Amino acid sequence: MSANEKPAIGVIGVGWVGLVTAACFAELGHGVVAVDIDEHKIEILRSGGTLPIHEPGLPELVERNRERLRFTTEIGEVLDACPLLFCCVDTPPTYSGDADLSRVEAVVAQIQDGGEQALVMKSTVPAGTGLAIRRRKPELAYVSCPEFLKEGTAVEDFLHPDRVVIGADPGSDWAADAVADAYAPLGGQPVRTDVASAEMIKLASNAFLATKISFINEIANVCEEVGADVTEVARGMGLDERIGPKFLKAGIGWGGSCFGKDTIALKKLAGNTGYHFQLLSAVIDVNELQKRRVVGKLKQHLGSLTGRRIALLGLAFKPNTDDMRDAASLVLASRLRGEGADVRAYDPIAEQRARELLPEVEISDSPLAAIDGADAAILVTEWPEFAELDWEQMARRMTTPLLVDGRNFLDPARLRAAGFTYEGIGRPADGGEAEAST
Ligand code: UDX
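Everything in this summary refers to the structure shown in the same document. Keep in mind that what you see is a predicted model, and the values were worked out from it rather than measured.

Calculation rules
Residues numbered from 1 in each chain as written. Predicted model: local features only at pLDDT ≥ 70, side-chain atom pairs only at ≥ 80, totals over all residues. Heavy atoms only, no water. Helix = DSSP H or I, 4+ residues; strand = E, 2+ residues; numbered from the N terminus. Buried < 20%, exposed > 50% of the residue type's maximum accessible area, 1.4 Å probe, protein only. Polar contact = N/O pair within 3.5 Å; in protein donor to acceptor, adjacent residues only side chain to side chain. Contact = heavy atoms within 4.5 Å. Pairing = 2+ DSSP bridges. Right-handed = clockwise from strand over helix to strand, strands pointing away.

1. A closer look at the side chain of Asp-375
Part 1: Within the element layout of this structure, Asp-375 appears in the loop between helix H15 (367-371) and strand E12 (376-379).
Part 2: Classification of Asp-375 by relative accessible area gives buried; the value is 8%.
Part 3: In this structure the side chain of Asp-375 is engaged in a polar contact, spanning 3.4 Å, whose partner is the side chain of Arg-308.
Part 4: Discounting chain neighbours no more than four positions away, the residues touching Asp-375 are Leu-302, Arg-308, Arg-309, Met-398, Thr-399, Thr-400 and Leu-402.

Have a look at this one:
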C-alpha cells in the first residue's frame, strides 16, 4: 500500500446496511471487497443489474465506484485483502424475541483469533455480544460501530453522520483508530467508548425514537378527547430545544425493520438479566393499538365494515422505500379483512412486495382506481404525490367520501372543501375548532 492509498475495507453481508456501507467507503476512495453467501445477489451486483434494494442515490454510487468495488461469495478474498472487516449480516428476532446471532457467529467462526484483521460490528447486536466474542477469541481485535442509517436517506446519512460511535476495549485500540480514520473525512462527531456502551447506544437510540413517537401518539389520542390539535401541540413542544421537533409526528405508528425488532430486543435483553423495562412495554403496546384505532374511526362513520370497500393509500412503512417490513398497512389490511371489508390499495413502488405479502388485497395501479367506489380511504404512507392529487375528483369517485389521514399529511381544510369527511390522528373532527389553523 502506498502512502496515500487508503486501506481496503471488507464488508461481510451485502444487505441494505452492507451495500450502503460498501458503496460509501468506495466513494471515499477505499477499495472494497464485499462478500455474501447469496450467489444470486452477488451475480446481480457484479453484472450491474437492478440493485436488490430501493435506496435513493445508491445505484449511482455503485456505478460510479464500480472499479473500487469487488463482490464475491468467497470470504477468503475478504480475509486476505482487508484489515477491517465490517460485519453487516442481519440479526432477525428469534421466537423468544432475542436477536438471532447465528449469522454473526458464522462470521466470527471464520476469522482467525490473533490474525491481522479486526472485526467491526455494524450488525445490531445485544449489549454483551462483543464481550462474549472476545471471550472466545481473546486476541481478535474487535470494534463496535453501530449504524444509524434511515431507509430512504441512507446514503446521505452515511456520508453526513451526526456522530460516529466507535466502541473498543483495551487491546483493540489500533482497530478503533483505523475505523476512526476511515470515518474521519465524513466529519461526524466521534464518540469513542467501550464496546458494551457502544452496543447500548444503538439500542437505546432506536428505543428512544420509538418512545418519542409512541408518546406523541398517546398525546394525539388525548387531543381527540379534549378537542386539541396534536400537530399544533407538537409544534409548540418541538420549539423547546430540550425536546426538539423531530420524531413528533403523530400517526398510525412506527414500522420498518429496526424499531420493532430493536425495542423488543432491548426489552428481552433487560428481561434476560431480570430487569423489567416497563416503559418499553408500553411503547410497544401503544404502537400496536395505534394502528387498530383507525378501524374504530371507520366504524364510527360507517357502522359495520362487512361488505364495505376500503382503500389504502400507501403500503410501504414510510415514503421513499419499497420496504413493507412491519408496515402499518399489513396490520390494517388484515384487520379490515377480519371485519369483512373488501380492501384495495395503491403504492407508487411497493406494488411488487405488496402482491406477495397481501394476496387478499387488490393492488391498483393508481390512487383513483384504488378509491373507485370505496366507502372510505385511509392514507397509510405519506408519499409526496398524494399531496398533489385531484381530491375533488377522488371524492366524486368514492361511494362515501370519507378519508382517515393516518399521517396527518393532508390539509384538512382543502380535503373538506373537496367534499371529504376528513379525520386525522389527534386532530379535531369535522367542524372542530382548530380546523382553520391547519
Ligand atoms: C430507523 C432509525 O431512524 C435509524 O437510525 C436506524 O438505524 C434504523 O431504524 P428507519 O427504520 O429507516 O430508521 O425509519 P425512520 O425514518 O426512523 O422511521 C421509522 C418509523 O417511524 C416509520 O414508520 C415512520 O413513519 C415512523 N415515524 C417517524 C412516525 O410515525 N413519526 C415520526 O415523527 C417519525
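2. A few points about the pairing of strand E6 (residues 141-144)
Looking along a regular strand, one sees side chains alternate from face to face of the sheet.
Part 1: The two faces of E6 match: Ala-141 and Val-143 on one face and Tyr-142 and Ser-144 on the other face are all buried.
Part 2: Judged from the four bridges that link them, strand E5 (residues 118-121) and E6 form a sheet pairing that is parallel. By the bridge assignment for E6, Ala-118 is matched with Ala-141.
Part 3: Handedness of the E5-helix H6 (residues 129-136)-E6 crossover: right-handed.
Part 4: In the sheet, E6 pairs with strand E7 (residues 163-168) via two bridges, with the strands oriented antiparallel. By the bridge assignment for E7, Val-143 is matched with Ala-168.

3. Focus: the pairing of strand E9 (residues 309-313)
Part 1: Taking burial as the measure, the five residues of E9 include four buried ones, the bulk of the element.
Part 2: Pairing of E9 with strand E10 (residues 342-346) involves five bridges; the strand directions are parallel. Looking at E10, one finds that Arg-309 is bridged to Asp-342.
Part 3: Running through helix H13 (residues 328-338), the crossover from E9 to the neighbouring parallel element E10 is right-handed.

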